[in-house]
Number of protein chains: 2
Amino acid sequence: MAGRLSGVKEIARRANVSIATVDRVIHNRKGVSETTRQKINEIIQEIGFQPNILASRLASKKTNRFAVLIPDARETDYWKASLDGIERAYQEIKQYGVFLDRYLFDLNDKSTFVKYVNDMLKGSYDGVVMAPSFIEEAASFASACADRQIPYVFINSDVPNRDSLTYIGPHLYQSGYQAGQLIRFGLKQGKVLIVNISKEIDAYHHLLRKEEGFRQYMENTNTPEAPIRVEKIDITNTTDEAIQDALDTFLKEHTDIDAFFVTNSRVKSVAKYLRNTARQHRILIGYDLSEENIEYLKDGTIDFLIGQKPEEQGYLGVMSLFQHVVADKKIAKEQYMPIDIITKENFEFYKN
Amino acid sequence: MAGRLSGVKEIARRANVSIATVDRVIHNRKGVSETTRQKINEIIQEIGFQPNILASRLASKKTNRFAVLIPDARETDYWKASLDGIERAYQEIKQYGVFLDRYLFDLNDKSTFVKYVNDMLKGSYDGVVMAPSFIEEAASFASACADRQIPYVFINSDVPNRDSLTYIGPHLYQSGYQAGQLIRFGLKQGKVLIVNISKEIDAYHHLLRKEEGFRQYMENTNTPEAPIRVEKIDITNTTDEAIQDALDTFLKEHTDIDAFFVTNSRVKSVAKYLRNTARQHRILIGYDLSEENIEYLKDGTIDFLIGQKPEEQGYLGVMSLFQHVVADKKIAKEQYMPIDIITKENFEFYKN
DNA sequence: CTGAAAGCGCTTACAG
DNA sequence: CTGAAAGCGCTTACAG
């Protein structure tokens, strides 16, 4: 494996000490004289020693327990994909003695989030991955983790001013900015409607960041000859019926909308409306590769979907924890997902 | 790790045999009576035995040697990225006793390809990853590997009718089809020029597949009211000067081109021409996130670049070999890369 | 056909 | 502050 001239045994031989002492130095344990510590460290440098992580985990029998806290997969394709990524990561690392508990809360019931948080704090985990869907509750959970020195990772959305190990998720503002580019490329000039559909205050905050980016793009690129004007509608009753009604009412009054930017995966509801009311094609852009959204992409109602790589988020969430806790590697503070532009023509090549 | 009640020792205890015999059964080695073999297999099923791959590799000291054969990284950003991915994979698997040799041939000198192929055949490798840039030579190399029972993986481009372990790379036809969608979305109607720039017959063949996809999209979506007509130019002298001249000559005669589809990373040369001759913006789409291309994306000369994930290709090439040879996993016959749509607004979130 | 023993590279008590 | 020995779960000769 690592070769016979580069292991702890070789270091011990060169330093004229036992391998136990070498081990102490490698792991910065105390009980070694400064002299021998230095000598050993020099040799480590010299031969470029890299511990054999297989042998290390095998011998130590050390295990780690991680926990993930995300919305229940049954809710949406999005969280299903995230969980898939989590499982994929787990398959890769479980052989290293890592255990993983999954807590799947109900997005419509904040109390399940709180309950699981309490359970998790009792569980004495070595690391946590969470989707901070309920910002305040997540923030206080983060504080509790910090107090207990438990590293935690945010996926999908961030909580400001929390010292997480890393944030893994979309760059919301920039993805709105990207949507702006696509619409301008296809529309040239006219009027576009931003559609925010959400009943959750917490989530609404995220939609606004996308809206900001979108508006900024239009502002930056507008010219007097080819202006694009922006309207917006907030829909807070999220039953499908209510959404259809809200759109109908709005569009009866504003008949000159050429394009729609829906700031989340609810784009399917707008697609449904547009397909039913037909007339002619109008540009429609939204988020996420849910099955329903893809149906509307296929039939041409939706022009573009912006993908946020939920599977990758889940995978990286767990792997980042592993790299940090087990492999002692440096982790980037922010890991923004690519802003995937998905069409009828390329969606088959994106799993999520 | 795997828990004390599920290892070879436990199986041996239950079967009333030694662990050596258990090992023989696990690895289908001969020299075990049918009776004990069955008994052991039953127990393996019963307790759901999964061998500890760490311990296995550690104990066996088995090593594997892989080789990669790709164009020299100095040639282009593209192959630099591919090599990066290969190195990333290698870092992950080297601890399992895998060694990797890199053969970087000169894209402009077929003889270097042939030379390396001969070297590799002498090297008795356990697996090969190659970019079959020279189709015939690659095909005969593939045959030689097959004769020797050496699994081989094609990345970046495929060789028809060869029984590779897997193909990892773009779906050329579909990426051209995707380019068609983008141009129609922005252009609505007019005239588009396909630009093939290549002096290599082998490579030209790939460009044609993209061209086909592009043309098919236009054909499928053309209507009498909003037709898009397609012209094309092949440029086989690939010095920058010659390209500029060829474009200049062509465009003096065809002044009504509204959009350009360049079928490979040479899009930078077309961008240079368009930026220098200015007038007004015309739609320009090409391939690959090279530094130069990104410069033209940033300044607005290029509208879209289609990414082919060279880093990912390199990574998956090596990992597929590892999964097959070391971990004995099933590998999908074709692993098409996503057709990434890259813009000025999202390129920062794509490494390659 | 089968088993006892040594060993992979590292870690962990334990003894000094 | 330091070392000898046992052991992690598996594999590999070697002996019978």
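Residues numbered from 1 in each chain as written. Chains lettered and ligands numbered in written order. Predicted model: local features only at pLDDT ≥ 70, side-chain atom pairs only at ≥ 80, totals over all residues. Heavy atoms only, no water.

**Student:** Which parts of the structure should I look at to understand the overall build of chain A?
**Tutor:** Each helix and strand in chain A was counted, giving 13 helices and 12 strands. The C-alpha radius of gyration computed for chain A amounts to 26 Å, which surpasses the reference 20 Å derived for 352 residues by more than 25%, pointing to a less compact arrangement than a globule. Viewed in the frame of its principal axes, chain A has a C-alpha envelope of about 85 × 45 × 35 Å. Per-residue burial for chain A yields a buried fraction of 53% across its 352 residues. For chain A, the share of sequence-separated contacts (at least 6 apart) that also reach a separation of at least 24 residues comes to 68%. Total accessible area on chain A stands at roughly 16400 Å², and carbon and sulfur atoms take up 47% of it. Looking at charge distribution, chain A has the averaged site of its 46 positive side-chain charges lying 8 Å from that of its 49 negative ones. (Helix = DSSP H or I, 4+ residues; strand = E, 2+ residues; numbered from the N terminus. Rg over C-alpha atoms; globule rule 2.2 N^0.38 Å. Buried < 20%, exposed > 50% of the residue type's maximum accessible area, 1.4 Å probe, protein only. Contact = heavy atoms within 4.5 Å. Areas by Shrake-Rupley, 256 points an atom, 1.4 Å probe, with all protein chains shown as cover. Lys, Arg positive; Asp, Glu negative; His and termini not counted. Charge placed at Lys NZ, Arg CZ, Asp CG, Glu CD.)

**Student:** Just to check I follow, could you spell out the packing of helix H8 (residues 172-187) of chain B against helix H9 (residues 201-221) of chain B for this structure?
**Tutor:** Residues and elements named next belong to chain B. Between H8 and H9, whose axes approach to 6 Å, the crossing angle comes to 45°. Here H8 lies oblique to H9, going by the angle between them. Read as a crossing pair, H8 and H9 show a hand that is right-handed. Judged by residue contacts, Leu172, Tyr173, Ser175, Gly176, Tyr177, Ala179, Gly180, Gln181, Ile183 and Arg184 of H8 engage His206, Arg209, Lys210, Glu212, Gly213, Phe214, Gln216, Tyr217, Met218, Asn220 and Thr221 from H9. Each residue belonging to the contact of H8 with H9 can be placed in one class, and the counts come to eight nonpolar, nine polar and four charged. (Axes fitted to C-alpha atoms, helices over the stretch in contact; angles between N-to-C directions. Parallel < 35°, antiparallel > 145°, perpendicular 65-115°, else oblique. Left-handed = near helix turned anticlockwise from the far one by under 90°. Nonpolar A, V, L, I, M, F, W, Y, C, P; charged D, E, K, R; others polar.)

**Student:** Teacher, can you tell me more about the protein's contact with DNA strand C here?
**Tutor:** Surveying the vicinity of DNA strand C reveals 27 residues, the closest of which are A:Val8, A:Asp23, A:His27, B:Ser18 and B:Arg24. Each atom of DNA strand C within 4 Å of the protein was assigned to sugar, phosphate or base; sugar and phosphate come to 70%. B:Thr36 places a side-chain nitrogen or oxygen 3.0 Å from a phosphate oxygen of DNA strand C. Here a base oxygen of DNA strand C sits 3.1 Å away from a polar atom, N or O, in the main chain of B:Ala59. Those elements giving two or more residues to the surface near DNA strand C turn out to be helix H1 (8-15), helix H2 (19-26) and helix H4 (53-60) of chain A together with helix H2 (19-26) and helix H4 (53-60) of chain B. At four residues, the largest contribution of residues to the surface near DNA strand C is made by H4(A). When its residues are assigned to classes, the surface near DNA strand C shows 11 nonpolar, 11 polar and five charged. (Near = heavy atom within 4 Å. Polar contact = N/O pair within 3.5 Å; in protein donor to acceptor, adjacent residues only side chain to side chain.)

**Student:** Whenever I open this one, the nonpolar core confuses me. Can you help?
**Tutor:** A general tendency of soluble globular proteins is for nonpolar side chains to be buried together. Ranked by size, the top nonpolar core spans 59 residues in total, and within it A:Ile155 and B:Ile155 carry the most contacts. Setting aside residues no more than four positions away along its own chain, A:Ile155 makes contact with A:Ile70, A:Trp79, A:Ser82, A:Val129, A:Met130, A:Ala131, A:Pro132, A:Ile168, A:Gln313, A:Gly314 and A:Gly317. Counting 44 residues, the second-largest nonpolar core is a separate cluster that includes A:Leu187, A:Ile341, B:Phe214 and B:Met218. (Core = buried A, V, L, I, M, F, W, Y, C linked by side-chain atoms within 4.5 Å.)

**Student:** I tried to follow the interface of chain A and chain B on my own but got confused; where do I start?
**Tutor:** When the parts come together, some accessible area is lost, and that loss is often what is quoted as the size of the interface. Taken together, the contacts link 37 residues of chain A with 38 residues of chain B. A buried area of about 3600 Å², summed over both sides, lies between chain A and chain B, and 63% of it is on carbon and sulfur atoms. Between chain A and chain B we count zero salt bridges in total. The interface formed by chain A and chain B contains 13 residue pairs in polar contact (both at pLDDT 80 or more). For the side of chain A that touches chain B, the secondary structure elements donating two or more residues are H4, helix H8 (172-187) and strand S12 (340-342) of chain A. (Buried area = accessible area lost by both parts, 1.4 Å probe. Salt bridge = Lys/Arg side-chain N within 4 Å of Asp/Glu carboxyl O.)

**Student:** How do you make sense of the pairing of strand S5 (residues 166-169) of chain B when you look at a structure like this?
**Tutor:** One face of the sheet, then the other: side chains in a regular strand alternate in exactly this way. All names here are of chain B. Side chains Thr166 and Ile168 of S5 all project onto a buried face; the interleaved residues Tyr167 and Gly169 project onto the opposite face, where all are buried too. Strand direction decides the pairing type here: strand S4 (residues 152-155) and S5, joined by three bridges, are parallel. Paired with Val153 across the two strands is Thr166, which belongs to S5. The sheet contact formed by S5 and strand S11 (residues 334-336) spans three bridges and is parallel. Its bridge partner lying in S11, Gly169 is registered against Tyr336. (Pairing = 2+ DSSP bridges.)

**Student:** Even after reading the chapter, I still don't get the UniProt feature "domain: HTH lacI-type" (unreviewed entry) in chain A, so can you show me in this structure?
**Tutor:** With numbering matched to this structure, UniProt assigns "domain: HTH lacI-type" (unreviewed entry) to residues 6-60 of chain A. Here residues 6-60 of chain A runs as 69% helix and 0% strand, with 20 Å between its end C-alpha atoms. (UniProt positions renumbered as here; feature names shortened; annotations may be inferred.)

**Student:** How should the domain arrangement of chain A be read in this particular structure?
**Tutor:** Residues and elements named next belong to chain A. Domain boundaries in chain A define domain 1 (8-51), domain 2 (64-169 + 310-337) and domain 3 (172-307). On a C-alpha basis, the centroid separation for the pair domain 2 and domain 3 is 30 Å. Each partner contributes to the interface: domain 2 provides nine residues, whereas domain 3 provides eight residues. Buried area between domain 2 and domain 3, summed over both chains or domains, comes out near 670 Å², and the portion from carbon and sulfur atoms is 50%. When residues of domain 2 are sorted by the area they lose upon contact with domain 3, Asp77, Tyr78 and Ile135 head the list and together hold 49% of the total. At the surface where domain 2 touches domain 3, the tally comes to zero salt bridges. In this structure, the connection of domain 2 to domain 3 is made through one residue pair in polar contact (both at pLDDT 80 or more). (Domains from an automatic or database assignment.)

**Student:** Would you mind going over the side chain of B:Glu311 with me for this structure?
**Tutor:** Residues and elements named next belong to chain B. Along the chain, Glu311 falls in helix H13 (residues 310-325). When its relative accessible area of 14% is taken as the criterion, Glu311 is described as buried. With near-sequence residues (within four places) excluded, Glu311 lies in contact with Ala81, Ser82, Asp84, Gly85, Arg88 and Asn352.

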